[in-house]
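Next come the chains, spelled out residue by residue.
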Amino acid sequence: MTSAILDRFLRYVVIDTQSDRTSSSQPSTEKQKNLGRVLVDELQAMGLADAHMDEHGNIYATLPTTSQKAVPAICFCSHMDTAPDFSGTNVKPQVLRNYQGGDIVLPGDTSRVIRVSENPELARQIGKDIVTTDGTTLLGADDKAGIAEIMTAAQFLLDHPEIPHGPVKILFTTDEEIGRGADKVDLKKLGAAFGYTMDGSTVGEIENENFSADEVKISITGVAIHPGTAKGRMENAIRIASQIIARLPRDLGPEATEGRQGFIHPSDMTATLEGADINFIIRDFDVSGLHDKEKLLEDITREVMAGFPASTYSFTVLEQYRNMKMVLDQHPQVMDNLAEAVRRVGLEPKLTAIRGGTDGARLSFMGLPCPNIYTGGHAYHSPLEWISVQDMEISARTIVELVKVWEERAI
């Protein structure tokens with residue numbers, strides 16, 4: 001699979017598919033469909049006659065069953081968009097063959113260096129082939145590596161009809177990086193019982209948990225008076241907002257938390273003398289932890305506002321997504337079968353939790369239990385992104401073994 005998966009990956013990453021948070025359409029950028037059209041053509045060329053792209057840019061396709069058993073339909077999902085955090089235009093992938101260790105200086109911007117000290121996984125890549133960019137763009141392994149792995153595994157299964165498997169559904173989504181990846185997915189049309197997103201990182205790590213997430217919006221209306229006559233009358237909304245942020249416990253910020261610790265994060269603020277709007281994202285693996293943090297934030301806001309009696313505020317909580325473990329725990333076979341597939345490719349499965357969101361979380365609560373599988377990528381959303389070709393192959397082999405496990409354990 002090695003040459004095939006590298007060829008696919010190199011072709012996919014040069015197609016600019018960045019999503020756009022400021023757009024209200026889906027897909028948020030039409031250029032995501034450029035990759036979608038390539039994928040549909042490739043899927044149809046494989047012989048998957050139902051492969052198509054819908055009006056939202058989502059791709060659907062089916063590998064028909066080759067088993068005589070009643071095997072549940074399994075979906076593999078990746079997203080086509082890349083993060084808007086850093087440029088994804090004019091990507092120039094670099095392949096470092098037979099990596100022999102040491103830091104990797106990126107040729108397009110030599111000030112950017114992939115350092116072993118910051119990427120300990122490089123230590124296990126000796127002798128492997130590493131793909132990076134030239135340092136002027138992100139790579140897009142998140143999640144074009146997942147796409148290349150799914151496509152390569154699909155071709156392998158089609159080339160080996162002697163391998164019995166149930167129906168395999170393929171789903172490629174748009175706008176995952178801006179939190180909308182599952183918004184327009186038609187699960188009835190997809191027709192899968194269970195799913196797996198290929199959107200993780202280090203090989204061997206599988207994820208059945210993610211942050212539960214809410215957004216909080218605080219809107220403040222102050223009292224605007226000419227500063228020359230403001231004494232005892234002006235209530236400056238900029239100062240009010242600043243005091244709320246200043247009172248946040250520093251040990252509850254994302255820069256001070258790790259592991260299973262949640263956080264309160266002021267993500268943006270607009271403020272004038274008369275009015276201010278602050279947006280926060282609240283994260284915790286437990287919903288009770290979310291509510292505790294929201295209560296703390298509201299208590300701080302109320303205390304600050306008490307010092308500005310002529311001003312008013314609103315405090316709005318918006319649910320974003322929830323921990324997929326709540327759903328996956330009801331379907332233990334989804335993770336059991338995955339763990340077995342990981343062992344079959346020679347790895348020991350390591351169960352981890354995502355300090356973020358995933359299409360799998362949204363899909364799980366929509367009715368498609370959907371944990372996350374490694375792709376082999378590292379340092380996502382940055383020009384220091386890198387991936388091993390051999391690790392991508394391991395991920396593709398994991399897909400093949402997983403559909404075999406589901407077939408073997410079916411009645």
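Not measured: the values here are computed from a predicted model.

Peer 1: Help me understand the overall build of the protein in this model?
Peer 2: When helices and strands are tallied, the protein shows 10 helices and 18 strands. Computed over its C-alpha atoms, the radius of gyration of the protein comes to 24 Å, within 12% of the 22 Å expected for a compact globule of 411 residues. The C-alpha extent of the protein, read off along each of the three principal axes, is 85 × 50 × 40 Å. When each of the 411 residues of the protein is scored for burial, the buried share is 55%. The long-range share in the protein, meaning contacts at least 24 apart out of those at least 6 apart in sequence, stands at 80%. Accessible surface, the protein: about 17,000 Å² in total, of which carbon and sulfur atoms supply 51%. Each charge class in the protein was averaged separately, 40 positive and 59 negative side chains, and the resulting centres sit 2 Å apart.

Peer 1: Help me out: how do you make sense of the sheet that holds strand E11 (residues 212-221) in this one?
Peer 2: Within a sheet, each strand pairs with its neighbour through backbone hydrogen bonds, oriented either parallel or antiparallel. The strand order across the open sheet formed by four strands is E12-E13-E11-E14, and the pairing between neighbours is antiparallel. With one partner strand each, in any of the chains shown, strand E12 (263-271) and strand E14 (312-321) form the two edges of the open sheet. Within the sheet, the average angular offset between the axes of one strand and its neighbour, ignoring direction, is 15 degrees. Relative to strand E13 (residues 275-284), E12 is paired through eight bridges, and the arrangement is antiparallel. Across the sheet, the residue bridging to Asp268 is Asn279, located in E13.

Peer 1: How should the pattern of salt bridges be read in this particular structure?
Peer 2: Two side chains that carry opposite charge are able to pair once their charged atoms sit near each other. Taken as a whole and judged by the stated rule, the model has 27 salt bridges. Two residues, Glu121 and Arg124, come together in a salt bridge whose shortest N-O distance is 3.3 Å. In this structure Glu121 comes out as partly exposed when scored by relative accessible area, which is 21%. Judged by relative accessible area, Arg124 falls into the partly exposed class, the value being 32%. Between Lys404 and Glu401 there is a salt bridge whose closest N-O contact spans 3.3 Å. On the criterion of helical spacing, the pair formed by Lys404 and Glu401 is a turn pair, its members being three residues apart in helix H10 (residues 389-408). Judged by relative accessible area, Glu401 falls into the buried class, the value being 16%. Where salt bridges share partners, they join Glu340, Arg344, Glu401, Lys404 and Glu408 into one cluster.

Peer 1: Where do I start with H10 in this structure?
Peer 2: Counting along an α-helix, one turn takes 3.6 residues, and residues three or four places apart therefore face a common direction. With 20 residues, H10 should cover 28 Å at 1.5 Å per step; its first-to-last C-alpha distance of 29 Å lies within 8% of that length. Here H10 lies mainly inside the structure; 17 of its 20 residues are buried. In this structure Ser388 caps H10, since a side-chain oxygen of it lies 3.3 Å from the backbone nitrogen of Gln390.

Peer 1: Looking at this structure, I do not really get the sheet that holds strand E8 (residues 168-173). What am I missing?
Peer 2: The strand order across the open sheet formed by eight strands is E1-E2-E8-E3-E9-E16-E10-E15, and the pairing between neighbours is mixed. At either margin of the open sheet sits one strand with a lone partner, and together these are strand E1 (52-53) and strand E15 (350-354). Pairing of strand E2 (residues 59-63) with E8 involves five bridges; the strand directions are antiparallel. Its bridge partner lying in E8, Leu63 is registered against Val168. The strands touched by helix H9 (residues 359-366) are strand E3 (74-79), E8, strand E9 (194-198) and strand E10 (205-210); relative to E3, the strand with the most contacts, the crossing angle is about 140 degrees. Strand contacts of H10: E3, E8, E9 and strand E16 (372-373), with the helix running at about 170 degrees to E9, the strand carrying the most contacts.

Peer 1: Help me understand the nonpolar core in this model?
Peer 2: Looking at soluble globular proteins, one finds that nonpolar side chains tend to be buried together. In terms of nonpolar packing, the biggest core is built from 65 residues, with Phe9, Leu43, Phe76, Ile170, Phe172, Tyr196 and Tyr374 touching the most fellow members. With near-sequence residues (within four places) excluded, Ile170 lies in contact with Leu43, Leu48, Ile59, Tyr60, Ala61, Leu63, Phe76, Ile150, Ala154 and Leu190. Of all hydrophobic cores here, the second largest spans 20 residues; its members include Ile264, Leu290, Val304 and Phe315.

What counts, and where the lines are drawn
Residues numbered from 1 in each chain as written. Predicted model: local features only at pLDDT ≥ 70, side-chain atom pairs only at ≥ 80, totals over all residues. Heavy atoms only, no water. Helix = DSSP H or I, 4+ residues; strand = E, 2+ residues; numbered from the N terminus. Rg over C-alpha atoms; globule rule 2.2 N^0.38 Å. Buried < 20%, exposed > 50% of the residue type's maximum accessible area, 1.4 Å probe, protein only. Contact = heavy atoms within 4.5 Å. Areas by Shrake-Rupley, 256 points an atom, 1.4 Å probe, with all protein chains shown as cover. Lys, Arg positive; Asp, Glu negative; His and termini not counted. Charge placed at Lys NZ, Arg CZ, Asp CG, Glu CD. Pairing = 2+ DSSP bridges. Axes fitted to C-alpha atoms, helices over the stretch in contact; angles between N-to-C directions. Salt bridge = Lys/Arg side-chain N within 4 Å of Asp/Glu carboxyl O. Expected span 1.5 Å × (residues − 1). Polar contact = N/O pair within 3.5 Å; in protein donor to acceptor, adjacent residues only side chain to side chain. Core = buried A, V, L, I, M, F, W, Y, C linked by side-chain atoms within 4.5 Å.

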